[in-house]
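Examining the three-dimensional arrangement
What follows is each chain in one-letter form.
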Amino acid sequence: MKLATLRLPRRTAAVRIDGELAVEVGSPDVGALLAHHDWRERAAAADGPRHPLTTADLAPVVPQPGKIICVGLNYRAHILEMGRELPAYPTLFAKFADALVGPYDDIELPAVSEAVDWEAELAVVIGAEVRHATPERAREAIAGYAVFNDVSVRDYQNRTLQWLQGKTFEATTPFGPYLVTPDELDEGGLSMQCEVDGEVMQQADTADLVFPPAELVAYISQIVTLRPGDVIATGTPGGVGHARRPPRYLTDGSKLVTRIAGLGEQVNTARRHG
Ligand code: ZN
């Protein structure tokens, strides 16, 4: 099942995607849908108003997650090419919901930086409350997967040891187009690509993840309760602009395309504000 959040005049609506149709499922967004313990049955049975997908204006899949937890350094080949050892523990940091944009929205280039970079990532969306999860329970708590680009403002990220200020600039992070439930794909072998102005910058496979999704859910749930709608961005592979010589960054008008096999693609234009 594919789920998305549709922007409509004066409201938003969670929808199930059936081919070229978006069918309303009775909740204002996917986060609100997932808060119902029987969200799978509700979404599968819904027969609400229908909208053509081709003209749909999509919001971030979950527009207001309670938590967005991001993982640094999680692709084997990328870590080894950087000359580092494989980590014993995941690097974790956070982003706030204000950072999110829809899958076809503009990315806001901050007025204060010229060093805005891309990070294609597989996002995990939580579908059940979970704390101190076993690996099996962690797996069951995953509602689905979606495309995410952890767009990063490198000069701010590297001003201090803590990355937060470079990771949560407003309206920088596309999330969507939709969530796909785990029964419809094998999250351990999805090919991922990131293109800037038609040039492939990142190409990887989620089989290369050091800490796969269920392991991350289990680990993070030892720290804090994960709740429906919470998001874990699982980290990016090699090919980011900051690591290139010379470095490459997004500029006004740059077209960023991020796709993961089975999860669709985002197309975002970078626009300078202010
Ligand atoms: Zn990242």
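Residues numbered from 1 in each chain as written. Predicted model: local features only at pLDDT ≥ 70, side-chain atom pairs only at ≥ 80, totals over all residues. Heavy atoms only, no water.

Turning our eyes to something else, we now look at the environment of Gly-144. On the secondary structure map, Gly-144 appears in strand S12 (residues 142-149). Relative accessible area serves as the criterion here: at 0%, Gly-144 is assigned to the buried category. The spatial distance from the C-alpha of Gly-144 to the C-alpha of Ala-14 is 15 Å, given a sequence separation of 130 residues. Not counting residues up to four positions away in its chain, the partners in contact with Gly-144 are Ala-123, Val-124, Val-125, Leu-179, Val-180, Thr-181 and Pro-182. (Helix = DSSP H or I, 4+ residues; strand = E, 2+ residues; numbered from the N terminus. Buried < 20%, exposed > 50% of the residue type's maximum accessible area, 1.4 Å probe, protein only. Contact = heavy atoms within 4.5 Å.)

Next up on the list: the domain arrangement of the protein chain. By the assigned domains, the protein chain splits into domain 1 (1-59) and domain 2 (60-272). Taken over C-alpha atoms, the centre of domain 1 sits 23 Å from the centre of domain 2. Facing 17 residues of domain 1, the contacting portion of domain 2 comprises 24 residues. Both sides together, the interface formed by domain 1 and domain 2 hides about 1,400 Å², and carbon and sulfur atoms give 57% of it. At the boundary of domain 1 and domain 2, one finds one salt bridge. Of the charged contacts in the structure, one is a salt bridge between Asp-105 and Arg-7, with a shortest N-O distance of 2.7 Å. (Domains from an automatic or database assignment. Buried area = accessible area lost by both parts, 1.4 Å probe. Salt bridge = Lys/Arg side-chain N within 4 Å of Asp/Glu carboxyl O.)

Moving on to the coordination of the zinc ion. Around the zinc ion, the protein contributes the donor atoms Glu-119 (OE), Glu-121 (OE) and Asp-150 (OD), which lie 1.9 to 2.1 Å from the metal centre. Sequence spacing among the residues donating to the zinc ion works out to E-x1-E-x28-D. With Glu-119 in the loop between strand S10 (116-117) and strand S11 (120-126) and Asp-150 in the loop between S12 and strand S13 (152-153), this residue pair connects regions lying 31 residues apart in the sequence. Judged by relative accessible area, which is 8%, Glu-119 ranks as buried. When its relative accessible area of 0% is taken as the criterion, Asp-150 is described as buried. (Donors = N, O, S within 2.8 Å, 3.2 Å for Na, K, Ca; no water.)

A few words on the nonpolar core. The biggest cluster of nonpolar side chains holds 55 residues, and the ones touching the most others in it are Val-217, Leu-226, Ile-232, Leu-250, Leu-256 and Leu-263. When residues are assigned to domains, this core turns out to be shared by domain 1 (1-59) and domain 2 (60-272), each giving three or more. Within the second largest apolar cluster, 25 residues are counted, among which are Met-1, Val-61, Leu-100 and Val-231. (Core = buried A, V, L, I, M, F, W, Y, C linked by side-chain atoms within 4.5 Å.)

Here the focus is the pattern of salt bridges. Close approach of charged atoms lets side chains of opposite charge pair. Under the defined criterion, the tally for this structure stands at 21 salt bridges. The partner of Arg-154 in a salt bridge is Asp-117, and the shortest N-O contact between them spans 2.8 Å. Taken together, the residues Arg-154 in helix H5 (residues 154-157) and Asp-117 in strand S10 connect sequence positions 37 residues apart. As far as the burial class goes, Arg-154 and Asp-117 line up, both buried. Between Arg-248 and Glu-199 there is a salt bridge, and its shortest N-O distance comes to 3.1 Å. Of the two residues, Arg-248 sits in the loop between strand S18 (231-233) and strand S19 (255-260) while Glu-199 sits in strand S17 (residues 199-205), which places them 49 residues apart along the sequence. We classify Arg-248 as partly exposed; its relative accessible area is 33%. What emerges from the salt-bridge pattern is a single network uniting Lys-95, Asp-117, Glu-119, Asp-150, Arg-154 and Lys-167.

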